[in-house]
Amino acid sequence: MRRDLLDDRYGRMWHLPLGLAKKGMSVEGACVGYAGSPGQRDQLRESFSSGGELRLSAVRTPIYNGLSWFRLHRQLKETVARFRPDLIYAFSDALHIVLGALLSRGTGLPFAADFYDNYEAYGATRFPGVRSALAWATKRADFVTCVSDPLRQFLVEKYGPRASSILVIENGVHPDFFSPTDKADARTKLGLPPAAKLIGTAGALSSSRDTDSLLEAFFQLAQTTPDLRLVLAGKCELRLPQHERIHYLGDLDHSRIPILFRALDVGVVGVKDDAFGRYCFPQKAAEMAASKLPIVIADVGVMASSAADAWGRRYETGDMLSLTQAISSQLGEPARPNWTPRTWEELADILATELTKLV
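Remember, it's a predicted structure, so these values are computed and weren't measured experimentally. (Residues numbered from 1 in each chain as written. Predicted model: local features only at pLDDT ≥ 70, side-chain atom pairs only at ≥ 80, totals over all residues. Heavy atoms only, no water.)

Caption draft 1: Quick peek at helix α8 (residues 211–222). Compared with the 16 Å implied by 1.5 Å per residue over 12 residues, the 16 Å span of α8 between its first and last C-alpha is a close match. Listing the buried residues of α8 in full gives Thr-211, Ser-213, Leu-214, Leu-215, Ala-217, Phe-218, Leu-221 and Ala-222. In this fold, the buried residues of α8 make contact with β8 (197–202), β9 (228–233), β10 (246–248), β11 (266–269) and α11 (320–332). (Helix = DSSP H or I, 4+ residues; strand = E, 2+ residues; numbered from the N terminus. Expected span 1.5 Å × (residues − 1). Buried < 20%, exposed > 50% of the residue type's maximum accessible area, 1.4 Å probe, protein only. Contact = heavy atoms within 4.5 Å.)

Structure (structure tokens):
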């Protein structure tokens, strides 16, 4: 998720294990990073009044180093022998799903796999044999969770897992996004102009998120809307143009994203119509909806469903006129989301019930 799990404590791979631990389960996880030298980093350990415990350790395993992967598998087998879990649950990408399936086969434990994206769109599947290994691992899973209904349909058609059903657990939100914040105060905290019309987005700023189209739409609209400003926050993979009306806030800490969404007039959620965009469930869409920010969303995947009519105004990916008209419409007659996303705690409740059935 382009973030360090132990440092940032962000997203489903943090909140779902945390929620299970708060429900009284003992959760131990190995967080595998591909950057840096092989070896183990610091550990995180938290205990809860419910009796549950969360223990996470970070392990560096360079993706090109086959010996490191062999050592990691052996280390995980030792962890399983010590911890004696009731099941193995694998997240993150194709390589981790395969590791989970191998551990399950070697120990006889039930195996659950989570798909928070279409992992075939990730770079790891370019390595020879990884796609076939992912198919093998998914087929043998006893339980599968995924982030969207389009992805659920894809998994059924592509892999045919033996799991009797695939549970859709969309991305949730932190309660901070529901907290009311004064727009003027939010703009002051972020150093944004108090009276301008602000459109923007947060998260990965890249071509795959259609950020380049958002930039082009801004330049077109700015010609006829003198007080329009574009606000961007997140890790940037594009060269942003220098413009006095573009405000790049850097990679904001996630605790400040609710403030950003309170400061904007319109939020834009863009993806391309590709192997990633067709199956994702954008985290920012749920967070903008919780903030009751008027949204412009790409007409792709889960956002193209009839249910997404309650999210915001849609635009056709690749159609600049469609995008500029949707933004203009939300600026002129804002339609706030008529949809309340679930919190991570609520989603962890659902997951805990299903995992209890499995074991």
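Still more ground to cover, so stick around.
Caption draft 2: Quick peek at the sheet that holds strand β6 (residues 143–146). The sheet built from four strands is open, its strands ordered β4-β5-β6-β7 with parallel pairing. Two strands bound the open sheet, and with one partner strand each, they are β4 (88–90) and β7 (166–168). Each strand of the sheet is rotated relative to its neighbour by a mean of 20°, with strand direction disregarded. In terms of strand pairing, strand β5 (residues 111–115) meets β6 through four bridges, oriented parallel. By the bridge assignment for β6, Asp-114 is matched with Thr-145. Contacts from helix α6 (residues 149–158) reach β5, β6 and β7, with the element oriented near 165° to β7. Contacting β4, β6 and β7, helix α12 (residues 344–358) crosses the sheet at an angle of about 165° to β6. (Pairing = 2+ DSSP bridges. Axes fitted to C-alpha atoms, helices over the stretch in contact; angles between N-to-C directions.)

Caption draft 3: A look at the layout of surface pockets. For the second largest pocket, the calculated volume is near 480 Å³. As for the second largest pocket, its lining consists of 24 residues, and the residues nearest its centre are Trp-14, His-15, His-174, Pro-175 and Trp-344. If you list the elements that add at least two residues to the lining of the second largest pocket, you get α2 (12–22), α10 (283–290) and α12. If one sorts the elements of the lining of the second largest pocket by residue count, α2 sits on top with five residues. Residues belonging to the lining of the second largest pocket are distributed by class as follows: eight nonpolar, eight polar and eight charged. (1 Å grid on protein atoms, 1.4 Å probe; cavity = no way out; pocket = protein on both sides within 12 Å on 5 of 7 lines; lining within 4 Å. Points joined across faces, edges and corners; volume = space filled by probe spheres on them. Nonpolar A, V, L, I, M, F, W, Y, C, P; charged D, E, K, R; others polar.)

Caption draft 4: Representation of the packing of aromatic side chains. Evaluated as defined, the whole model comprises 13 aromatic pairs. Ring geometry for Phe-281 and Trp-311: centres 5.6 Å apart, planes at 65°, overall edge-to-face. Of this pair, Phe-281 sits in the loop between β11 and α10 while Trp-311 sits in the loop between β12 (295–298) and β13 (313–315), and the two are 30 residues apart along the sequence. According to the relative accessible area criterion, Phe-281 is buried, its value standing at 7%. (Phe/Tyr/Trp six-rings, centres within 6.5 Å; stacked < 30°, edge-to-face > 60°.)

Caption draft 5: Structural view of the sheet that holds β8. A sheet is described by the order of its strands in space; here six strands give the open sequence β10-β9-β8-β11-β12-β13, paired in parallel fashion. Among the strands making up the open sheet, the edge pair consists of β10 and β13. For this sheet the average axis-to-axis angle between neighbouring strands, irrespective of direction, equals 25°. In terms of strand pairing, β11 meets β12 through three bridges, oriented parallel. Residue Val-268 lies in a different strand from β12, and its bridge partner there is Val-296. Strands β8, β9, β10 and β11 of the sheet are contacted by α8, whose axis makes an angle of about 165° with β9. Most of the contacts of α10 go to β11, to which it runs at about 160°, and overall it touches β8, β11 and β12.

Caption draft 6: Representation of the pairing of β9 in the model. With five of six residues buried, β9 is to be regarded as a mostly interior element. Looking at chain direction, β8 and β9 are connected through six bridges and run parallel. Bridge pairing in β9 places Lys-197 opposite Leu-228. Read as a crossover between parallel neighbours, the route from β8 over α8 to β9 is right-handed. Where β9 lies against β10, three bridges are found, and the strand directions are parallel. (Right-handed = clockwise from strand over helix to strand, strands pointing away.)

Caption draft 7: Region of the structure containing empty space enclosed by the protein. Per the stated rule, a full pass over the model turns up one cavity of 30 Å³ or more. By volume, the largest cavity is sized at about 60 Å³. Considering the residues around the largest cavity, the lining is formed by Thr-201, Arg-209, Asp-210, Thr-211, Leu-214, Val-268, Gly-270, Lys-284 and Tyr-315. Split by residue class, the lining of the largest cavity holds three nonpolar, three polar and three charged.

Caption draft 8: Structural view of the packing of α8 against α11. Interhelical geometry of α8 versus α11 gives an angle of 65° and a closest axis separation of 10 Å. Between α8 and α11 lies a crossing whose hand is right-handed. For the pair formed by α8 and α11, the contact residues are Ser-213, Leu-214, Glu-216, Ala-217, Gln-220 and Leu-221 on the first element and Met-320, Leu-323, Thr-324, Ile-327 and Ser-328 on the second. Residues that form the contact of α8 with α11 fall into these classes: six nonpolar, four polar and one charged. (Left-handed = near helix turned anticlockwise from the far one by under 90°.)

Caption draft 9: Spatial organisation of the nonpolar core. Counting residues in hydrophobic clusters, the biggest one holds 120 residues, and the most contacted among them are Leu-54, Phe-115, Leu-155, Leu-260, Phe-261 and Ile-327. Per-element tally for this core: the top contributor is helix α4 (residues 94–107), with seven residues. (Core = buried A, V, L, I, M, F, W, Y, C linked by side-chain atoms within 4.5 Å.)

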